[in-house]
Amino acid sequence: MSRRNFNPDRDVREWTGAQRPYDILKEGAIALLVVALLTAGLALVFGSPDEKQVTIQQWSSADPVDFATTAYSELAGTSGLAGYGAPYNNASDGQFLGVTHLYLAKMVGVHIPIDPAQTFVLRPLATLPDAATVRFALATWKNASDTERQNWLNEYGKATLSFTHGQLVATPLSLSNPVDVLIASETAMARSGALDSAMVTGGGLYTTDYTNVLLFIADGGWFATLADHQHLLGDQWGMMNETGSYPGQAWLWLYTFWYQIHPFSTSGNADVDAWGIMMLLTAGLILVPYIPGLRSIPRRTKLYRVIWRDHYAGRV
Amino acid sequence: MSTTIDRQWTTRLRRRLVEQLPPDKALPDTQPSYVSSWIYVFGVVSLSALVMVILTGFVLAIRGPQWWHQSSIGHYVNSLHLWSVEIFFFAMVIHLWGKFFMAAWRGNRSLTWVTGAVTFATSIATAFTGYVSQTNFDSQWISTQAKDGINATGAGAFFNVLNTGQMLMWHIVLLPLAAVVLTALHVVMVRRKGVVPPFEEVSK
Amino acid sequence: MSEILGALVNLDHPGHYISWGWFQMSYGNFAVVVTMVVTFLVALVAPFPGRKKENQS
């Protein structure tokens, strides 16, 4: 310190003045007791939210057409996930970071490879027991050329989907289109609840990984409708909201903020840009003591005179 | 003989510890007279809330991650966990504001500020992993939304927010450990240096 | 026991939101933030007990 000049925003002459009795353990004990009582009280008065999880069975029962449309988009490779890019596939370059034009996700690469048609449609259907028509449709699909598949997909894509008398119906459609059997069977499978377990476990028994099933549910429109009702969408400041009327992660306000304003609210790179800005600001917060100007704010605002008013008034 | 003892790892560590944090600084019985404001209580309130967060987390751990959906006692413990987290962030933010306006980093206290700010960031990550480990609609929605942000940074390749088991492990082992170690460092630094003295002003 | 442990104030109903242009915030979060700011201000101005007693130290 002797080498450099005294800087009031960085340096201080250590206190050699008066001391007074202070029982740090007693203070800690009282604080803990108060916080414990406050916690118990708030928990008793307000409780906590537990909005039940949703399943594929619920989705396909509540909105079978949305479900079937989503399943079709996975098979056709037109779903959100099918075009996502890293870390799931190479379908797109993904987002790039602001001015740097660095495609961070793409640079890291595909580490959770997912083939939507296989994962969400073909593989679960293959687990159905004693389903001759499904098996035949799967075999037809497997042995077909890309052109044939595309023709079937195009035809199905143009058909109108409806759900009548417990059955998914696509019209008009030629009789030989296997996509019809695949999607109708998957819808029936979903409504029975079998698709949930088939997709969650991926053939095994144990799992703690729900990546596939969550990605599939999130590709549909029904899930977002539920979130919309709970005011949880990104453009509703949803990240800091909670189901019901509970307070949420209010501390995410600044991160959430960037998504609401231009240019981020309309940018395809909003996620990576918001993250980039927040990383920068967090670094700024951490490094406040070293940043000239920023570290002068307390001395210049003089709010400290209120905090230490007893000291300055000579009352202590 | 004494030189042998002097050179022992244990002796050197002990001397160093006592030198760095003598008992009267670790557990002081006095404090400077300028410490005379309610703003000073928010550090110890944050610490108390952290203790409550961890204790209620322990209780939730006893019966496992699904218990709180099925039992009203479990749900109440979950409520305790949630509200202690709310108090924790509440107190921590006020603590941060207070320390900022006191410029509490002055006098070689920069690292105290740095560990505090890093603890704050770590706590946000810890809370987030808790939100996605709830196994309810909340965790389904939050994880499927948050994946886009984390994926876009490239971190999603290794930190998969849709992998509930991975998130639960981060929530109950890795991140709390980091938060507690950081908090311990922070508190030791505060005790070692003492609270920052007021700005010097020409007395009237 | 379950009645005792159930919340006294039910917050499991659709939330209300403050909307001000592009700014939106739920009443729940708003309550937390306002309480936080108020607590901060009160902590600054509220007299701290025992400040005069220790004059002689």
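Here the structure is shown first, and the text comes after it.
Residues numbered from 1 in each chain as written. Chains lettered and ligands numbered in written order. Predicted model: local features only at pLDDT ≥ 70, side-chain atom pairs only at ≥ 80, totals over all residues. Heavy atoms only, no water.

*Asks:* Give a description of the packing of aromatic side chains that names residues and reports values.
*Replies:* Evaluation of the coordinates by the stated rule reveals 32 aromatic pairs over all chains. Taking the centre distance of 6.2 Å and the plane angle of 65° together, the rings of Phe89 of chain B and Phe120 of chain B count as edge-to-face. Here Phe89 of chain B is found in helix 6 (residues 72–101), whereas its partner Phe120 of chain B is found in helix 7 (residues 110–131), with 31 residues between them in sequence. Each of the two residues, Phe89 of chain B as well as Phe120 of chain B, counts as buried. A centroid spacing of 6.4 Å and a plane angle of 50° characterise the contact between Phe100 of chain B and Trp113 of chain B, whose relative ring orientation is tilted. Separated by 13 residues along the polypeptide, Phe100 of chain B in helix 6 and Trp113 of chain B in helix 7 bring together distant segments of the chain. Grouping residues by exposure puts Phe100 of chain B and Trp113 of chain B together as buried. Each member of the aromatic cluster is reached from another via a ring pair, and the members are Trp97, Phe100, Phe101, Trp105 and Trp113 of chain B together with Phe40 of chain C. Looking at Arg305 of chain A, its charged tip hangs above the ring of Tyr312 of chain A, at a distance of 4.7 Å from the centre. The positively charged end of Arg106 of chain B is found above the aromatic ring belonging to Phe199 of chain B, 3.8 Å away from the centroid. (Phe/Tyr/Trp six-rings, centres within 6.5 Å; stacked < 30°, edge-to-face > 60°. Helix = DSSP H or I, 4+ residues; strand = E, 2+ residues; numbered from the N terminus. Buried < 20%, exposed > 50% of the residue type's maximum accessible area, 1.4 Å probe, protein only. Lys NZ or Arg CZ within 6 Å of the ring centre and 35° of its normal.)

*Asks:* Outline the packing of helix 3 (residues 64–76) of chain A against helix 8 (residues 178–192) of chain A, supporting the account with residue identities and numerical values.
*Replies:* Residue and element names in this part refer to chain A. Two elements in contact, helix 3 and helix 8, have axes separated by 10 Å at closest approach and are oriented at 130°. Here helix 3 lies oblique to helix 8, going by the angle between them. Relative to helix 8, the crossing made by helix 3 is right-handed. Taken together, the residues of helix 8 that come into contact with helix 3 (itself represented by Pro64, Phe67, Ala68, Ala71, Tyr72 and Leu75) are Val179, Leu182, Ile183, Glu186, Thr187, Ala190 and Arg191. Along the lines of polarity and charge, the residues of the contact of helix 3 with helix 8 split into ten nonpolar, one polar and two charged. (Axes fitted to C-alpha atoms, helices over the stretch in contact; angles between N-to-C directions. Parallel < 35°, antiparallel > 145°, perpendicular 65-115°, else oblique. Left-handed = near helix turned anticlockwise from the far one by under 90°. Contact = heavy atoms within 4.5 Å. Nonpolar A, V, L, I, M, F, W, Y, C, P; charged D, E, K, R; others polar.)

*Asks:* Give me the pairing of strand 2 (residues 23–26) of chain C: which residues, what numbers.
*Replies:* Residues and elements named next belong to chain C. The pairing of strand 1 (residues 17–20) with strand 2 spans four bridges and is antiparallel. Within the sheet, the bridge partner assigned to Tyr17 lies in strand 2 and is Ser26. Between strand 1 and strand 2, which pair antiparallel in sequence order, lie two residues; one of them, Gly21, sits at a positive phi of approximately 65°. (Pairing = 2+ DSSP bridges.)

By themselves, these are just geometric observations and shouldn't be taken as functional.
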